[in-house]
Amino acid sequence: MRSDWCDLPGAGAALWLTPKHLCKTRVILYIHGGGFAFGSPETHRAMVARLALLTGARAVLPRYDRVPEAAFPKPAQDVRAAWDALRQTGILAQDIVIGGDSAGGALVFDLLAQLCREGAALPAGVFGLSPLLDMTFSGSSFAENTKCDVLLPAARAAEMADLYLQGQSARHPRASPIFADFEGAPPIWLTVSDSEILRDDSRRFAARLRDAGVAVTFEEAHDLPHVWPLFQNHLPEARATLSALANWINALPPGQAGES
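First, a word on what this report is: a plain description of the structure on this page. Just so it is clear, the structure is predicted and the values come from calculations on it, not from any experiment.

As a further point, take the pairing of strand S8 (residues 216-221). Both strand S7 (residues 188-193) and S8 contribute to a ladder of six bridges, which runs parallel. Paired with Trp189 across the two strands is Thr217, which belongs to S8. With helix H6 (residues 199-211) bridging S7 and its parallel neighbour S8, the resulting β-α-β unit is right-handed.

Right, here's the structure in full:
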């Protein structure tokens, strides 16, 4: 696996991961999580490298500005800039798969909602690993799983939201993609654990997407930690989830010449 830092034109530094046996034109654009304050391409490098190996695709992990220096919507604007930069290099939208975890999932699905709203060329597919989709924290799992979620402290969620939103409404569809419109979206793959406080974000989101006619694959795991695929060096369940995700990516249709 080759690992290189390269600037995306107009979007700043990004980590590129290229499998030794590259077999596809596909690119995975991956947006790391971390509550809009933590995480980096480096923290997610190993997990995304495994996914790149399983799919034979290149992966790119851009940096984005984080709180407290950069609040909503600046991180989302950085993610849009990364998408636009990939497209400007000549990569077909249909050859890109977008994915993210936790807060990165919020940024990923905000990007998708923007593209759908604009009638722009869309990626081949989008995936979310334990994505944060509702900054109002209205899902029942937020209370039901408070004691069994071993990674996310429900008591600190409001603090995180305030730090990120800086007075903006948590119901804004760019902050909480569960309130956005995804009509015409490409296939979407979601996974979450039944013991997470964010469980109902994905459950309700999958239901809304299906109502909008979007093809959704939703896999709910049992009693696993938030974004467990990160622990792919230790948990067999993490490796199994990445394999299932890779199979889904590999089944997506490739881009077509002449695409706008």
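Read on for the rest.
This next bit is on the environment of Ile91. Summarising the element assignment, Ile91 is placed in the loop between helix H2 (74-88) and strand S5 (96-101). Apart from the residues lying within four places of it in its own chain, the contact partners of Ile91 are Trp16, Val27, Arg58, Leu86 and Ile96.

All right, on to the layout of surface pockets then. To locate leftover empty space, one rolls a probe as large as a water molecule over the atoms. Quantified by volume, the largest pocket comes out at close to 680 Å³. Taken together, 28 residues line the largest pocket, and the ones lying closest to its centre are Gly34, Gly35, Phe38, Leu152 and Met160. Among the elements that make up the lining of the largest pocket, the one with the highest residue count is helix H5 (residues 157-165) (four residues). Looking at side-chain class alone, the lining of the largest pocket contains 18 nonpolar, seven polar and three charged residues.

Quick look at a nonpolar patch on the surface now. A grouping of Val150, Leu151 and Phe231 is seen on the molecular surface, where their side chains present a nonpolar patch of about 280 Å² in accessible area. Relative to the assigned elements, Leu151 resides in the loop between helix H4 (141-144) and H5. Leu151 sits in the partly exposed class, given a relative accessible area of 43%.

A word on the pattern of salt bridges. Overall, the coordinates contain 14 salt bridges when judged by the stated rule. Its salt-bridge partner being Arg80, residue Glu118 comes within 2.9 Å of it at the nearest N-O pair. With Glu118 in helix H3 (residues 103-118) and Arg80 in helix H2, the pair connects residues that are 38 residues apart, well separated along the chain. Given the relative accessible area of 46%, Glu118 is considered partly exposed. Residue Glu220 is joined to Arg203 by a salt bridge in which the shortest nitrogen-to-oxygen separation is 2.8 Å.

Taken as a whole, this structure holds seven aromatic pairs when the rule is applied. Their ring planes at 70 degrees and their centres at 5.7 Å tell us that Phe72 and Tyr164 sit as a pair that is edge-to-face. Of this pair, Phe72 sits in the loop between strand S4 (58-62) and H2 while Tyr164 sits in helix H5, and the two are 92 residues apart along the sequence. Phe72 gets classed as buried once you look at its relative accessible area, which sits at 11%. Ring plane angle 20 degrees and centroid distance 5.0 Å describe the contact between Phe137 and Phe142, whose orientation is recorded as stacked. With respect to class, Phe137 is no different from Phe142; both count as buried. Here a set of aromatic residues connected by ring pairs shows up, and it is made of Phe36, Phe72 and Tyr164.

Another aspect to go through is the sheet that holds strand S6 (residues 125-129). Read across the sheet, eight strands follow the order S1-S2-S4-S3-S5-S6-S7-S8 without closing on themselves; strand pairing throughout is mixed. With partners counted over all chains shown, the strands left at the sheet margins are strand S1 (2-8) and S8, one partner each. Across the sheet, the mean angle separating the axes of adjacent strands is 20 degrees when strand polarity is ignored. Alignment of strand S3 (residues 27-31) against S4, held across three bridges, turns out to be parallel. Bridging across to S4, Leu29 finds its partner in Val60.

Procedures and definitions
Residues numbered from 1 in each chain as written. Predicted model: local features only at pLDDT ≥ 70, side-chain atom pairs only at ≥ 80, totals over all residues. Heavy atoms only, no water. Pairing = 2+ DSSP bridges. Helix = DSSP H or I, 4+ residues; strand = E, 2+ residues; numbered from the N terminus. Right-handed = clockwise from strand over helix to strand, strands pointing away. Contact = heavy atoms within 4.5 Å. 1 Å grid on protein atoms, 1.4 Å probe; cavity = no way out; pocket = protein on both sides within 12 Å on 5 of 7 lines; lining within 4 Å. Points joined across faces, edges and corners; volume = space filled by probe spheres on them. Nonpolar A, V, L, I, M, F, W, Y, C, P; charged D, E, K, R; others polar. Patch = residues over 30% accessible without salt bridge, like charges linked within 9 Å, V, L, I, M, F, W, Y side chains within 5 Å. Areas by Shrake-Rupley, 256 points an atom, 1.4 Å probe, with all protein chains shown as cover. Salt bridge = Lys/Arg side-chain N within 4 Å of Asp/Glu carboxyl O. Buried < 20%, exposed > 50% of the residue type's maximum accessible area, 1.4 Å probe, protein only. Phe/Tyr/Trp six-rings, centres within 6.5 Å; stacked < 30°, edge-to-face > 60°. Axes fitted to C-alpha atoms, helices over the stretch in contact; angles between N-to-C directions.

From the geometry alone we can't say anything about function, so treat these as descriptive.
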